[in-house]
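In case you want the letters, here they are:
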Amino acid sequence: MRHQKTLIDGAGLAVRLTWYRPGEQMAPHAHDCHQVSWLLSGELREVGGAGEHDVVGTSRGVKPAGFRHANVYGVNGALVLGVDIDPEGAGCCDLPDPGAWAWADTAADVPIEILRLATASDKADADPGQTLTDLAACALEPALDSGHDSLVHDRVARGWLDRVREQLRDDPDEPDLSRLAEQAGVHRVHLSRSFRRRFGLPPSRYRLQCRVSRAIADMVDGAHIAEAALAAGFADQSHLTRVVRTHTGFTPGHLRALIAA
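Predicted model only: the values in this text are computed from it and were never measured.

(A) Spotlight on the overall build of the protein. Along the backbone of the protein there are nine helices and eight strands. Expressed as a percentage of its 261 residues, the buried residues of the protein come to 50%. Relative to all contacts within the protein whose residues are 6 or more apart in sequence, the contacts with residues 24 or more apart total 73%. For the protein, the accessible surface area stands at approximately 12100 Å², while carbon and sulfur atoms represent 50% of it.

Below, the structure is given as structure tokens:
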């Protein structure tokens, strides 16, 4: 069962933080609102129209209202920040090509700023109207150019790159990239470049993100932060706290409180 926290809801815009459990699936469905989403941790595969996107890095997805799609979440679950925009609201006029469906690389500070704005909206000195305006502006910030696209990548390359990703994700020790490249029959530099092109981030950052995702999954299931840190391969609780704050803008304790609320 997923955990969802509505952070703000009003004037044609809602912000929700959702934790999807490992392996969770969503059958084909559509929303009556435009939806802009960010993957904060974990992995997902989204299928819609004539294709699919494998999303493993800090990426933004844009789906127009009525777009039918299905989702499968990774073995470490997925933490997703979503902004729902009313198609009839004033804020949707700047939505990038509402007829398009895409996931693309995004600056990591954009979802963090959205989280900060949303969680600060109930403070006494907050201006609700300005907060909603600022949130819409952040959500509609153009995504970065992305070179990775599962629809255009060679099927053979997809096969060995998917195997490399699985090994990076599942190996409890630090995998040797030279060994993985040798098994795939390619040079290590070619492996790194192809991995970045396919998934939008280098192998080293993907491995770190997998460890963060595993720690968050354990904490959601009730593990103490220190236990989750050690199980995911971090030196200690402080190390995990620094990395999670970098990825999400929050400490592990604050993030767990938001998800579980």
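Picking up where we left off.
(B) Layout of the pairing of strand S7 (residues 69–85). The buried count for S7 comes to 15 of 17 residues, which makes it a mostly enclosed element. For strand S2 (residues 13–20) and S7, the ladder comprises eight bridges, and the chain directions are antiparallel. Looking across to S7, one finds that Leu17 is bridged to Leu81. Pairing geometry for strand S3 (residues 25–29) and S7, over three bridges, is antiparallel. Looking across to S7, one finds that Met26 is bridged to Asn71. Relative to S7, strand S4 (residues 34–48) runs antiparallel, the two being bridged by 13 bridges. From the neighbouring strand, Arg45 faces S7, where its bridge partner is Val72.

(C) Focus on the pattern of salt bridges. Enumeration over the complete set of coordinates arrives at 11 salt bridges. Between Arg16 and Asp84 there is a salt bridge; the shortest N-O distance is 2.5 Å. Placement of Arg16 in strand S2 and of Asp84 in strand S7 is noted, with a sequence separation of 68 residues between them. Across the pair Arg169 and Asp170 runs a salt bridge, and its minimum N-O distance is 2.8 Å. Salt bridges sharing partners connect three or more residues here, namely Arg45, Glu52, Asp54, Asp162 and Arg198.

(D) Here's a closer look at the confidence of the model for the protein. Per-residue confidence for the protein gives a mean pLDDT of 82, with 83% of residues at or over 70. Considering only residues more than four positions removed or in separate chains, one finds that residues 145–153, a stretch of pLDDT under 50, has 26 contacts.

(E) Here's a closer look at the layout of surface pockets. When its volume is computed, the largest pocket comes out at roughly 340 Å³. The leading source of residues in the lining of the largest pocket is S7, at seven residues. For the lining of the largest pocket, a count of residues per class yields eight nonpolar, nine polar and six charged.

(F) Structural view of the packing of aromatic side chains. In this structure the tally under the stated criterion is three aromatic pairs. With 4.0 Å between their ring centres and 5° between their planes, Tyr20 and Tyr73 make a pair best called stacked. Linking Tyr20 in strand S2 with Tyr73 in strand S7, this pair joins segments that are 53 residues apart in sequence. Here Tyr20 falls in the buried class, since its relative accessible area comes to 11%. Overall, the relative accessible area of 6% leaves Tyr73 in the buried class. Between Phe195 and Phe199 the ring centres are 4.8 Å apart and the planes differ by 55°, which places this aromatic pair in the tilted class. Here the residue Phe195 and the residue Phe199 both occupy positions in helix H5 (residues 188–199), the gap between them amounting to four residues, near one helical turn. Phe199 sits in the buried class, given a relative accessible area of 1%. Aromatic rings pair up to connect Phe195, Phe199 and Tyr206 into one cluster.

Analysis parameters
- Residues numbered from 1 in each chain as written.
- Predicted model: local features only at pLDDT ≥ 70, side-chain atom pairs only at ≥ 80, totals over all residues.
- Heavy atoms only, no water.
- Helix = DSSP H or I, 4+ residues; strand = E, 2+ residues; numbered from the N terminus.
- Buried < 20%, exposed > 50% of the residue type's maximum accessible area, 1.4 Å probe, protein only.
- Contact = heavy atoms within 4.5 Å.
- Areas by Shrake-Rupley, 256 points an atom, 1.4 Å probe, with all protein chains shown as cover.
- Pairing = 2+ DSSP bridges.
- Salt bridge = Lys/Arg side-chain N within 4 Å of Asp/Glu carboxyl O.
- pLDDT = per-residue confidence, 0-100.
- 1 Å grid on protein atoms, 1.4 Å probe; cavity = no way out; pocket = protein on both sides within 12 Å on 5 of 7 lines; lining within 4 Å.
- Points joined across faces, edges and corners; volume = space filled by probe spheres on them.
- Nonpolar A, V, L, I, M, F, W, Y, C, P; charged D, E, K, R; others polar.
- Phe/Tyr/Trp six-rings, centres within 6.5 Å; stacked < 30°, edge-to-face > 60°.

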